[in-house]
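Residue-level structural notes
One letter stands for each residue in the lines below.
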Amino acid sequence: MKKILIVVLAMAAIYEAQSQVVFGRNQGNSSGGVSINYSSPKEYEIADIEVRGVQFLDNNALISLSGLRVGDKIKVPGDEITSAIKKLWNQGIIGNVSIYASKVEGDKIWLVIELTERPRLTKYVIEGVGKSRQGEIEEKIGLIRGKVLTDVVVKNTELAVMKYMESKGFLNAEVNVIQQNDTVLRNSAYLKITIDKGQKVKIRNIQFDGNEQFTSAKLRKKLKSTGMVPKFALPTEIIETTAKLIWPPNLIDFVKGSKKTSKEEAREYLATHVNLNFFKSAKFVEEDYEADKDLLIGFYNSKGYRDAAIVTDTTYDISNKFMNIDISVEEGNKYYFRDISWSGNYIYTDDQLQRVLGIEKGDVYDLDLVNKKLNFNPNGADISSLYMDDGYLFFSITPVEVRVAQDSIDLEMRIYEGAQATIDKVIISGNDKTNDHVILRELRTRPGDKFSRAELIRTQRELSQLGYFDPEQVNPVPIPDPINETVDIEWQLVERSNDQIELSGGWGGAFGFVGTFGVTFNNFSVRNITKPEHWRGLPVGDGQSLSLRFQANGRNFQSYSFSFVEPWLGGRKPNSFGLSFSKSIQRSIDRVRDVTLGWLKVTGISASLGRRVRWPDDFFTVSTGVSYQRYDLFQFNSRSLGFATGDANSFTFNTTFARNSINQPMYPQNGSSISLSASFTPPYSLWRDLDYENAAPEDRYKWLEYHKWNFDSKYYLTLTGKLVLEARAHFGYLGTYTSKTDVGPFERFQLGGSGLTGQNFLLGTDIVGLRGYPDNSITPIDRVNNIEGGTLFNKYVMELRYPISLAQSATIYALTFVEGGNNWDRFAEFNPYNIKKSAGLGLRIFMPAFGLMGIDWAYGFDRVDGTLENAGPQFHFSIGQQIR
């Protein structure tokens, strides 16, 4: 009680010192004092209110905040003046305030509010940490220039910095925030934030007590943020072998003898008391520690120990660098499921629901598993989806323990089915550039339809796949109306720019230095080209794709290409239309005489139509098209084509069957992509009057005859968190209809390196990457016909990916991989087990303006034909999404 009284008196003293009601002679007024009779309060009418001492604040606003108004009647002395001072003081922007009368005439009084403002912040400096940490601290404290510096601001700044340092493991950091007057600006100050980091405090050991069912090492692994974990995920056999090497038998025997434990327990004792160099100590963060304790109890609950609890836990320092944690647990009994009953279900029978639940009598009791099977099971069916996919949005289910008998528990599933909900309105927000109809045509949740959670998730995937929105922020928000049995669905979107510009230069092998300029507009609008008033910088918003590209190195080489894709031809059905055109020329030039010696000209045009199909399921698409490619050669001897002068024509019918269920394009975490494409030329040999066996190459290849097949498959699986496994397989085959014709020099396969170009536009050659080997190094040559390139290839890839950033501005992920493949000239040489193997690691960066860029380091374990040594280490750079 005495302490409380002292605090109250102290606060009163401070308040009186900084805010005063002054009536009497005004020291700053030369006109004389004002006489007030304090023993006899008198009522006055306020004639005027004047504010003095203000530099930044608005006088009228201050008068309004005080609650005093001209014309009001107040008693002097009285509560009105005291109340006005309190109101001004409570704003936190006043350093000192006093109210006095400057003049009194009859029953009228002239008041003066004199105050001093608190200083305003001009700048702040942070000392004691590096620039990167300074930037992070600036985001945490949120100080801005011009902010009024109150005691609360200073204290909150200190607490925010301290909390940040603790989150980085500096538990002993000292933070001092000093306010200093600015000598340049009046009524201004700056803050000097000094930080003494001290030593980063890490957890040396976590000791458990009371754990009989699980070892301390196993429990320690469940503390994801706090527990000590290996720097690398070493197999158990390696860890055990290493332990035997590190811990001599006599040391183990000593611990065994002194502690009276088995050898296994002795090893565990050493593991918790010896700081092994292949273990890292986790930093201690209070929030993470509390979350880890919940994970620990969750682990016990998942093993049937529903009553498990942490009795006590203690943290204590053992040095200025390390601390220990002691956790005492009470495991309780292990429980099992016994009888599971259902109530309130009318749509589905007990047996139907029990089959979906998939929990049998005698299974280990795990309430988290029950909730997952009831509400949302990412790995299979659940009760909630059974109802919600049929419109029962208002459905709910509650598991209730109705009986606990010894080690068995009976559960009753209490269901409220409710009515089916119909979608009333669909609201779209956040699409600043993309037109509404582009989004609406992808929706599977339309007004009048029954609500379906599965269709909601599928629509989320479809919108993410468009590439116009940040896939991490495609957010459906159901707004239910139980009274009317309807639901509104709001799609909250965040636009992301996916237009790309390419401006680069590089060495193009035989081409020399090649400059490239290209632009790709992935959300183009043809119909708005003539309507500048609808432009958003460019005619965009209709979801069309337009690409222009130019490459050149002077007269020696030029290439032009154009492509356009309309994904919804006609706007009513998802029938896509694509059109492309390309023209390239490479010349052989005598630089001395400035004479063109020869050339290769390639002109190509293609058109395609695609549509989505609903069989076998609605993830499938079918695309058909035609293409024409003309190759014009004149004394062109720089490539292995089989002839130097002549022309070749390739007219093909193309068909592609594909299935794509990948959840998002830039960092897929689940789903698969399968594609089978085939190209067929007409069988000219059936009607051409030509002796193919004896004809010259320029005559044989005048009309190219072949069939070409490509198979590509990708599968994505989330292993844990955002760690994703990608498995890929690719096959290609180029064949002929009859034995009297050969496949010719065009459309072949080249393997090895980064696969940078994706396709060689000059020869129609498929460039297939294989990291760990030089570019195009695994390419067979037909020595008889002098033709370069394979007719059959295969490739297999296993890749682990982990994201560094999934932000809208940049998607960055690291990866490690193993892969293998090979390339053959003839089908008779094909051997699926004869592959060139490699392994390595890499990094991918996707920025909307520049597309996907990557760097890989790989080691090739096999030698390339024509070399004596293995390929060894290789660096690879890549631009764009690689097809294979």
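What this report covers is the structure whose coordinates are included nearby. (Residues numbered from 1 in each chain as written. Predicted model: local features only at pLDDT ≥ 70, side-chain atom pairs only at ≥ 80, totals over all residues. Heavy atoms only, no water.)

Topic: the overall build of the protein
Counting its secondary structure elements, the protein contains 16 helices and 40 strands. Across the 884 residues of the protein, 42% fall into the buried class. A sequence separation of at least 24 residues applies to 61% of the contacts in the protein between residues at least 6 apart. (Helix = DSSP H or I, 4+ residues; strand = E, 2+ residues; numbered from the N terminus. Buried < 20%, exposed > 50% of the residue type's maximum accessible area, 1.4 Å probe, protein only. Contact = heavy atoms within 4.5 Å.)

Details of the side chain of N324
Structurally, N324 is set in strand β13 (residues 322-330). What makes N324 buried here is its relative accessible area of 12%. Side-chain polar atoms of N324 contact the backbone nitrogen of N205, separated by 3.2 Å. Setting aside residues no more than four positions away along its own chain, N324 makes contact with R204, N205, T314, T315, Y316 and I318. (Polar contact = N/O pair within 3.5 Å; in protein donor to acceptor, adjacent residues only side chain to side chain.)

Thoughts on the pairing of strand β16 (residues 408-416)
Of all nine residues in β16, seven are buried; the element is thus mostly enclosed. Examined bridge by bridge, strand β14 (residues 336-343) and β16 share six bridges and lie parallel to one another. By the bridge assignment for β16, S343 is matched with R414. Hairpin remark: strand β15 (residues 396-405) followed by β16, antiparallel, with two residues in the connecting loop; positive phi at Q406, about 55°. (Pairing = 2+ DSSP bridges.)

Quick notes on a positive patch on the surface
On the surface, a cluster of positive charge is contributed by K218, K221, K303 and K334. Following the sequence through the fold, K218 ends up in helix α6 (residues 216-221). (Patch = residues over 30% accessible without salt bridge, like charges linked within 9 Å, V, L, I, M, F, W, Y side chains within 5 Å. Areas by Shrake-Rupley, 256 points an atom, 1.4 Å probe, with all protein chains shown as cover. Salt bridge = Lys/Arg side-chain N within 4 Å of Asp/Glu carboxyl O. Lys, Arg positive; Asp, Glu negative; His and termini not counted. Charge placed at Lys NZ, Arg CZ, Asp CG, Glu CD.)

Comments concerning the nonpolar core
If you look at the biggest cluster of nonpolar residues, it comprises 24 residues, and the most contacted ones within it are Y631, L633, L704 and Y773. Among the secondary structure elements, those contributing two or more residues to this core are β25 (595-613), β26 (620-634) and β31 (749-751). Excluding its chain neighbours within four sequence positions, the residues that come into contact with L633 are W599, L600, L641, F643, A644, T645 and G646. Core analysis: the next-biggest nonpolar cluster, separate from the first, contains 22 residues, Y44, L62, I63 and A84 among them. (Core = buried A, V, L, I, M, F, W, Y, C linked by side-chain atoms within 4.5 Å.)

Focus on helix α2 (residues 59-66)
All buried positions along α2 are accounted for by L62, I63 and S66. The arc that holds every buried residue of α2, seen down its axis, measures 100°, which confines them to one face. Residues of α2 that are buried in the fold lie against β2 (42-52), α3 (79-89), β4 (94-105) and β5 (108-117). Of the residues flanking the end of α2, it is G67, one or two places downstream, whose phi is positive at about 85°. (Arc of directions from axis to C-beta.)

Quick look at the packing of helix α4 (residues 131-141) against helix α5 (residues 151-167)
Here α4 crosses α5 at 130°, and the two axes come no closer than 9 Å. As judged from the angle between their axes, α4 and α5 are oblique. Taken as a pair, α4 and α5 cross one another with a handedness that is right-handed. Packed against α4, whose contacting residues are R133, E136, I137, K140 and I141, the element α5 presents T157, A160, V161 and Y164 at the interface. Taken together, the residues of the contact of α4 with α5 break down into five nonpolar, one polar and three charged. (Axes fitted to C-alpha atoms, helices over the stretch in contact; angles between N-to-C directions. Parallel < 35°, antiparallel > 145°, perpendicular 65-115°, else oblique. Left-handed = near helix turned anticlockwise from the far one by under 90°. Nonpolar A, V, L, I, M, F, W, Y, C, P; charged D, E, K, R; others polar.)

Looking at the packing of α2 against α3
Packing of α2 against α3 leaves a shortest axis separation of 8 Å and a crossing angle of 120°. Classified by the angle between their axes, α2 and α3 sit oblique to one another. Contact residues: α2 offers L62, L65 and S66, while α3 offers A84, K87 and L88. A breakdown of the residues in the contact of α2 with α3 according to their chemical character gives four nonpolar, one polar and one charged.

Examining the pattern of salt bridges
Enumeration over the complete set of coordinates arrives at 35 salt bridges. When the shortest N-O distance is used, the salt bridge between R630 and D647 registers 3.8 Å. In this pair, R630 is assigned in strand β26 and D647 in strand β27 (residues 646-660), connecting sequence segments 17 residues apart. Of the residues examined, R630 reaches a relative accessible area of 33% and is grouped as partly exposed. Overall, D647 belongs to the buried group, its relative accessible area being 18%. The shortest N-O distance in the salt bridge between K702 and D647 comes to 3.1 Å. With a gap of 55 residues between them, K702 in the loop between α16 (697-700) and β29 (707-720) and D647 in strand β27 connect regions that are remote in the sequence.

Topic: unusual backbone geometry
The linkage connecting W615 with the following residue, P616, adopts the cis geometry, with an omega of 0°. Within the secondary structure, P616 is located in the loop between β25 and β26. Non-glycine residue Q406 carries a positive phi angle of around 55°. Its place among the elements puts Q406 in the loop between β15 and β16.

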